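Residue-level listing of the chains:
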Amino acid sequence: MKTGTFNGKDFLWGSATAAHQVEGNTINDWTEWEKANAHRLASRRFGIPEHAVGQAQDAGNYQSGNGAQHYDYYKQDLDLAKQLGHNAYRFSIEWSRVEPAAGHFDTEQIAHYREKLQYMRQIGLEPVVTLWHFTSPLWFVARGGWLNKQNVSLFVDYVCRMEHELGDLVKYWITINEPRVYSTMAYLHAEWPPASHSLISTWRTLHNLLLAHKISYKVLKAANSNYLVSFSHNAPYNVVHKHNIFNKLVVWVLNHFLVYYELDRVKNHLDYIGLNFYFTNVVTGLKFNKSLSTDLLSDLGWRVAPQNIGPMLELVYARYKKPIIITENGIADAKDSLRSWFITQTLESCSKAMQNGVNLIGYLHWSLIDNFEWAYGFWPRFGLIEVDYQTLQRKPRPSALTYKSLIEQYSQASTSTTS
Ligand code: BGC
């Protein structure tokens, strides 16, 4: 029996996706970049697990193409989410679909997202709607994309239109996904389009995204003060390897840059904090991410440390005192050998944080279905539901059933303690 910390019926239990990663057939800056870079990416030879080597050497792996076709299969996917015990679903609207040319909105595409939202309401899934998840229309990029401050207003026009068209079906909005991850991957590490190495561009992009969040927050709240609006923030848990003053100082600096910097800038424009939690940095001297012999690794080689989500929640809650939704948390695990354990440990750690006073109001696992993992392509498998990309068949993994049973146990425990 689980202890009753999760807030009864109101807790958001669910999963998340992003349009470009699951819908298939998008036309945006990423699709162009994928065409130009697929062969280069397929020739990379490092960090690929044994089972994925063949797929990772195929250029097709790096082109989102038809993908999982969630655009057409969304009812089936949402039905499965519901059967797996979820009561919420985070997804993104693909800006390039609804506004294919500047100022020209496509009514059929808007109707598609309206129908999807209506369907979610009908079957009892609370929508959490992301307005921008890393992909932009080609016309926006041609004008300089997020590097150009004047373009922020173009995004806000789109936000206003979505609010006007879909707002009656939405309560939870996420304006922007992971401003720091996007700006550094695209403008510093050159791993994502437009793939440059410029500190100044990184800085500008980050600040334009934060500005876009703030203005969007204001326009959404002005339209309806009952909306709950946030952005999704990717923050690592930074921990010292050995206790000494220098290591502690490094952790302090990392926390200020990676955990607090963005939140501090927009803290007056957040109704809750959307937290995407994937990483733990173990700090020793100037080595920020020491590998330990005890580390468990995901298929992507990322350290798996689910026990740190609770301390992370406590750190963030102590500073901002705002409700938190985990808007992403998951593991690339094609064989599904760690995911059940991972989810169990994660929820236990969240539960402890709640006992210590954290106001956690939702947990959305990444991801509902297997998806296109950006520059890694299709081989990393994050889904609770496995997708066969040939037949498009969906098959819940055993861990999806573990998650379902944990949702039931935690929900029962919390209703029995609150009643
Ligand atoms: C992103 C997702 C991505 C996930 C796993 C997050 O940073 O928002 O789009 O698939 O991490 O890498």
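In what follows, the structure referred to is the one given above.
Just so it is clear, the model here is predicted, and its values are computed rather than measured.

Calculation notes
- Residues numbered from 1 in each chain as written.
- Predicted model: local features only at pLDDT ≥ 70, side-chain atom pairs only at ≥ 80, totals over all residues.
- Heavy atoms only, no water.
- Helix = DSSP H or I, 4+ residues; strand = E, 2+ residues; numbered from the N terminus.
- Rg over C-alpha atoms; globule rule 2.2 N^0.38 Å.
- Buried < 20%, exposed > 50% of the residue type's maximum accessible area, 1.4 Å probe, protein only.
- Contact = heavy atoms within 4.5 Å.
- Areas by Shrake-Rupley, 256 points an atom, 1.4 Å probe, with all protein chains shown as cover.
- Lys, Arg positive; Asp, Glu negative; His and termini not counted.
- Charge placed at Lys NZ, Arg CZ, Asp CG, Glu CD.
- Phe/Tyr/Trp six-rings, centres within 6.5 Å; stacked < 30°, edge-to-face > 60°.
- Lys NZ or Arg CZ within 6 Å of the ring centre and 35° of its normal.
- Pairing = 2+ DSSP bridges.
- Axes fitted to C-alpha atoms, helices over the stretch in contact; angles between N-to-C directions.
- Parallel < 35°, antiparallel > 145°, perpendicular 65-115°, else oblique.
- Left-handed = near helix turned anticlockwise from the far one by under 90°.
- Nonpolar A, V, L, I, M, F, W, Y, C, P; charged D, E, K, R; others polar.
- Expected span 1.5 Å × (residues − 1).
- Bend = angle between axes of the 7 residues up to and from the residue.
- Polar contact = N/O pair within 3.5 Å; in protein donor to acceptor, adjacent residues only side chain to side chain.

## Comments concerning the overall build of the chain
Here is step 1 of the chain: Summing up its helical and strand segments, the chain has 14 helices and twelve strands in all.
Here is step 2 of the chain: Radius of gyration (C-alpha) of the chain: 20 Å, near the 22 Å computed for a compact globule of 419 residues.
Here is step 3 of the chain: With respect to the principal axes defined by its C-alpha atoms, the chain has extents near 50 × 50 × 45 Å.
Here is step 4 of the chain: Looking at the chain as a whole, 59% of its 419 residues are labelled buried.
Here is step 5 of the chain: Long-range pairs, those at least 24 residues apart, make up 77% of the contacts in the chain between residues at least 6 apart in sequence.
Here is step 6 of the chain: When the accessible surface of the chain is summed, it comes to about 16,900 Å², and 53% of that surface belongs to carbon and sulfur atoms.
Here is step 7 of the chain: Of the side chains in the chain, 40 bear a positive and 37 a negative charge, and the two mean positions are spaced by 8 Å.

## A word on the packing of aromatic side chains
Here is step 1 of the chain: Summed over the entire model, instances satisfying the criterion amount to 40 aromatic pairs.
Here is step 2 of the chain: Each ring, one from phenylalanine 11 and one from tryptophan 13, has its centre 4.6 Å from the other, and the planes form 55 degrees; the classification is tilted.
Here is step 3 of the chain: Given the relative accessible area of 0%, phenylalanine 11 is considered buried.
Here is step 4 of the chain: With relative accessibility at 2%, the residue tryptophan 13 sits in the buried group.
Here is step 5 of the chain: Above the ring of tyrosine 119, the side-chain terminus of lysine 75 is found at 5.3 Å from the ring centroid.
Here is step 6 of the chain: Above the face of the tyrosine 261 ring, arginine 265 is positioned so that its terminal group lies 3.8 Å from the ring centre.

## Topic: the pairing of strand β4 (residues 172-177)
For a regular strand, side chains alternate in direction, first toward one face of the sheet and then toward the other.
Here is step 1 of the chain: The element β4 is largely enclosed, with a buried count of six among its six residues.
Here is step 2 of the chain: As judged from the four bridges shared by strand β3 (residues 126-132) and β4, these two strands associate in the parallel manner. Within the sheet, the bridge partner assigned to valine 128 lies in β4 and is tyrosine 172.
Here is step 3 of the chain: Sheet topology places β4 next to strand β5 (residues 228-234); four bridges connect them, and they run parallel. Along β5, the bridge assignment pairs asparagine 177 with serine 232.

## Some details on the packing of helix α10 (residues 199-223) against helix α11 (residues 245-266)
Here is step 1 of the chain: Interhelical geometry of α10 versus α11 gives an angle of 40 degrees and a closest axis separation of 10 Å. Taken together, the axis directions place α10 and α11 in an arrangement best described as oblique. Crossing angle aside, the handedness with which α10 passes α11 is right-handed. Every residue of α11 that contacts α10 at Trp203, Leu206, His207, Leu210, His213 and Lys214 is listed here: Tyr261, Glu262, Arg265 and Val266.
Here is step 2 of the chain: Partitioned by chemical class, the residues of the contact of α10 with α11 number five nonpolar, two polar and three charged.

## A look at α11
Here is step 1 of the chain: The first and last C-alpha atoms of α11 sit 30 Å apart over 22 residues, in line with the 32 Å expected at 1.5 Å per residue.
Here is step 2 of the chain: Remark: the principal bend of α11, roughly 60 degrees, maps to tyrosine 260.
Here is step 3 of the chain: Within α11 the residues assigned to the buried category are Asn247, Val250, Val251, Leu254, Asn255, Val259, Tyr260, Tyr261, Glu262, Leu263 and Val266.
Here is step 4 of the chain: Residue asparagine 244 occupies the N-cap position of α11, its side-chain oxygen lying 3.1 Å from the main-chain nitrogen of phenylalanine 246.

## A closer look at unusual backbone geometry
Here is step 1 of the chain: Going from proline 193 to proline 194, the amide bond is cis rather than trans, its omega being 5 degrees.
Here is step 2 of the chain: By secondary structure assignment, the location of proline 194 is in the loop between α9 (179-187) and α10.
Here is step 3 of the chain: For the bond running from tryptophan 366 to serine 367, omega is 20 degrees, close enough to zero to count as cis.
Here is step 4 of the chain: Although it is not a glycine, lysine 321 sits at a positive phi angle of roughly 50 degrees.

## Quick look at the pairing of β3
Here is step 1 of the chain: Most of β3 is tucked away: seven of the seven residues are buried.
Here is step 2 of the chain: Note: strand β2 (residues 88-92) against β3, five bridges, orientation parallel. Counted as the bridge partner of phenylalanine 91 is valine 129 from β3.

## Observations concerning the sheet that holds strand β10 (residues 360-366)
Here is step 1 of the chain: Strands sit in the order β1-β2-β3-β4-β5-β7-β9-β10 around a closed barrel of eight strands; the barrel is parallel. The sheet shows a mean angle of 25 degrees between the axes of neighbouring strands, taken without regard to direction.
Here is step 2 of the chain: As paired elements, strand β1 (residues 12-16) and β2 share three bridges and run parallel to each other. Residue pairing across strands places serine 15 opposite tyrosine 89, the latter belonging to β2.
Here is step 3 of the chain: Along the sheet, helix α8 (residues 152-166) contacts β3 and β4; its crossing angle with β3, the most-contacted strand, is approximately 155 degrees.
Here is step 4 of the chain: Lying over the sheet, α10 contacts β3, β4 and β5, oriented at roughly 160 degrees with respect to β4.

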